[in-house]
Structure formats: C-alpha cells, structure tokens
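# Summary of the model geometry
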Amino acid sequence: MMHPEYILTLSCPDQRGIVHNVSGFLAGHGCNIIDSAQFGDAQSALFFMRVHFSLEDAAISDVSLRADFASMGETMQMNWQLHDARHKPRMVLMVSKIGHCLNDLLFRFKSGLLPVEIKAIISNHTDFYQLAASYNIPFHHLPLAVGASPDAKRVQEQKVLDIIESNQVELVVLARYMQILSPEMCTALTGRAINIHHSFLPSFKGAKPYYQAHERGVKLIGATAHFVTGDLDEGPIIEQDVERVDHSMGPETLTAIGRDVECVVLARAVKCFVEHRILLNAHKTVVFK
C-alpha cells in the first residue's frame, strides 16, 4: 500500500522548539518523516525547514492535516506550504532563438529525469515549433517586433499570461528568452519564474557576456539561474556553476563551454523548484540539497 507523501516547507522567526514541535505534530498525526533539512539564519533571525514525510494513518484526512498544522503555524508565525510530493508541477518554457537550454530541459522531461508537466512552449520566434511538435507540446508564437511600443509589449505579455493562467502554470522557465519582461509581468510571475543568465552574476551583465569575459581575460566563466524580478538580472540566485578557461580560448569557444554550463545550472534550478527545495530569504534563497 502506498501512503500519501507530502513536502512541508516553512520559514518563521527563529525560536526554540521548532523542530520538536513540527516532528511532534507529524508523529501525532500518523506521519513518518522520510527526510528533513533545516537552517537557522543568524543575520535575518529566521528559521527555514523542509520535511518530506508520508501520512500512514488512514484516519487522518488531508483537510484535517492542513487545518491542524495551520493552528500551530499561526502560533509560531510560520510562513508554510504543504505540497503533494507526487504532484508534477505544470510548467511553461519560454525561448527565443537559442535553443540549447530548451532542448536540454525537454530531453530531461522526456527521459523522466524532470517530473513536470510541460503545458506549452512560448516563443517570439518560430525556430522551435518543430522541436515542440516532436515532443507533442503546444507551441505558441507570440512575436514582438524590435523597438515595439509599450502598448504592443503589453498586449504580447497579456497573451503570455493568458496561456500561463489558463493552464494553471506553477513554474515559468525563461530558457534563453531574450526579451526584458515588464515590471507588471515580473510582478505577475513573482516566485514562479526562473531565468538562466549566461554569466556568473553579478559580473558581466547585459549583452555578450562571454565576449566581455574574453576581453577581461577571465580564467573562470559560469552561469546563474535566478528568480525573475523587476530588477534586471538581480533576482534571488538559485544555482550557479563555473568552468575553468584559459588564454588560448576565443569568445566562440567560451560561448560553447558556457552553454553547457547554462544547461546544467538551469536544470538544477528547475529540479530544486519542482522538489520544493527553494525558500526565499529576503533577496537571497535557501536551497536545501
């Protein structure tokens, strides 16, 4: 018999007894902890926790479990969420004309390495409609002309949001979508949009970061996955990685190496989101491995 499994994530003011109270609550409600991780941040005085557990008492309903925990959560000023561990989050991928991250995520999805439902691929170009069709995923071409007016951009973004909302999407991934989202769009997607930046932030922002890196003679290049916010490339960082390079490599070689890093970093970030391992800590993140 398979028992229901949940993932509990929470943050609250750091105080004595949090782990004791949570584990005691779960034990008292017929739950068995599968794995648990916690972190107390001395700087923000906040405590963060992620608990994966199974509900083994058939007499305890999902409704009563949530209602009873809400009472304790209110007492301890918890910001908490209880997720069905077997639920596959609904995801939309957005891309422009560079497809390595898109292709990588689609392969991981098809291989069962990424437990999600990809509801749509959205692009301002038509380059990847055949790739989408090969995976039987709806493709939406929503063009946006160079130098488009704010009104035209607003109309295009509303179409994007309509697709997201009609599919009840939980995660939007900008897999090299080369358009700057409006502040209104960023607000609408707060906490559920991840971008991959082809640079090891906070260095080399903007266009052609690998060319910038080459001009500076760097010995390390990298990539950064972060949440999307209204501040361009300033959102809370989720995942980063680097690769060593040297003086013999031109910008094209750096770009090729960097693209491999981007794929890995973005996939890790998406997987962490899907597994509810990311908790926001002001402008930073706590990512439980």
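Up top is the structure these notes are about.
The model shown is predicted, which means the values in this text are computed figures rather than measured ones.

Time to look at the pairing of strand β5 (residues 90-95). Most of β5 sits inside the fold, with 5 of its 6 residues counted as buried. Taken together, the 6 bridges between β5 and strand β6 (residues 117-123) define a ladder with parallel strand orientation. Bridge pairing in β6 links L93 to I121. Crossover handedness for the path β5 to helix α3 (residues 100-110) to β6: right-handed. Where β5 and strand β8 (residues 171-174) come together, 4 bridges link them in parallel fashion. Counted as the bridge partner of M94 is L174 from β8.

Strand order across the open sheet formed by 4 strands is β2-β3-β1-β4, with antiparallel pairing between neighbours. The two strands at the open ends of the sheet, each matched to only one other strand, are β2 (31-41) and β4 (79-84). Going from strand to strand, the sheet's axes swing by 10° on average, the running direction of each strand aside. Against the sheet, helix α1 (residues 18-28) touches β1 (5-13), β2 and β3 (46-55), its axis set at about 15° to β3. Running over the sheet, helix α2 (residues 62-75) touches β1, β2, β3 and β4 and is turned about 165° from β4.

All right, on to the packing of aromatic side chains then. All told, the structure shown has 5 aromatic pairs when counted by the stated rule. Aromatic side chains F227 and F273 sit 6.4 Å apart centroid to centroid with 65° between the ring planes, which places their arrangement in the edge-to-face category. Of the two residues, F227 sits in strand β10 (residues 220-227) while F273 sits in helix α8 (residues 251-274), which places them 46 residues apart along the sequence. The same class applies to F227 and to F273, which are both buried. Through successive ring pairs, a cluster of aromatic residues spans F25, F69 and W80.

Moving on: the pattern of salt bridges. This model, assessed by the stated rule, comprises 16 salt bridges. We note a salt bridge from R108 to D104, for which the minimum N-O separation is 2.6 Å. Note that R108 and D104 are positioned in helix α3 at a spacing of 4 residues, about one turn of the helix. Under the relative-accessibility criterion, R108 is labelled partly exposed at 24%. Residue E262 is joined to R176 by a salt bridge in which the shortest nitrogen-to-oxygen separation is 2.9 Å. Taken as a pair, E262 in helix α8 and R176 in the loop between β8 and α6 (183-188) lie far apart in primary sequence, 86 residues in all. When its relative accessible area of 0% is taken as the criterion, E262 is described as buried. In this structure, a network of salt bridges that share partners links the residues E239, D241, R268 and K289.

Below, the discussion takes up unusual backbone geometry. One non-glycine residue, Q168, lies in the positive phi region at around 50°. Relative to the helices and strands, Q168 resides in the loop between α5 (150-166) and β8. The exposed category is assigned to Q168, whose relative accessible area is 55%. Even without being glycine, A282 reaches a positive phi, approximately 60°. Along the polypeptide, A282 turns up in the loop between β12 (278-281) and β13 (284-287).

Time to look at the nonpolar core. In terms of nonpolar packing, the biggest core is built from 35 residues, with M91, L93, V173, I194, L266 and V270 touching the most fellow members. Among the secondary structure elements, those contributing two or more residues to this core are β5, α3, β6, β8, β9 (193-197), β10 and α8. Ranked by residue count, the leading element in this core is α8, at 10 residues. Sequence-distant contacts of L266, defined by excluding residues within four places in its chain, comprise C101, L105, V173, A175, I194, I196 and A225. Membership of the second largest hydrophobic core comes to 21 residues, among which are L10, F47, F69 and M76.

Relative to the helices and strands, S23 resides in helix α1. A relative accessible area of 28% means that S23 is categorised as partly exposed. When the C-alpha positions of S23 and E184 are compared, they lie 40 Å apart, and in sequence the two are 161 residues distant.

Reading the values: the criteria
Counting from 1, residues in each chain are numbered in the order their sequence is written. With the structure being a predicted model, the display of local features is reserved for residues of pLDDT at least 70 and the display and counting of side-chain atom pairs for 80 or more, all residues being used for whole-chain, interface and lining totals. To get the side-chain values, take all heavy atoms of the structure and skip hydrogens and water. Residue burial is assigned from relative accessible area. The probe radius is 1.4 Å, only protein chains are included, and a residue is buried under 20% of its type maximum, exposed over 50%, and partly exposed in between. A run of H or I in DSSP becomes a helix once it reaches four residues, and a run of E becomes a strand once it reaches two; helices and strands are each numbered from the N terminus. Any two strands are treated as partners once DSSP identifies two or more bridges connecting them. Look down the strands so they point away from you; if the path from the first strand over the helix to the second goes clockwise, the crossover is right-handed. In this analysis, axes come from line fits to C-alpha atoms, helices being fitted only over the stretch in contact, and the angle between any two N-to-C directions falls in the range 0 to 180 degrees. Contact criterion: two residues are considered in contact whenever any of their non-hydrogen atoms come within 4.5 Å of each other. Whether two aromatic rings pair depends on their centres lying within 6.5 Å, for rings of Phe, Tyr and Trp, where Trp uses its six-membered ring; planes under 30 degrees apart make the pair stacked, over 60 edge-to-face, and the rest tilted. The working definition used for a salt bridge is a side-chain nitrogen of Lys or Arg within 4 Å of a carboxyl oxygen of Asp or Glu. We define a nonpolar core as any set of buried Ala, Val, Leu, Ile, Met, Phe, Trp, Tyr and Cys residues linked to one another through side-chain atoms lying within 4.5 Å.

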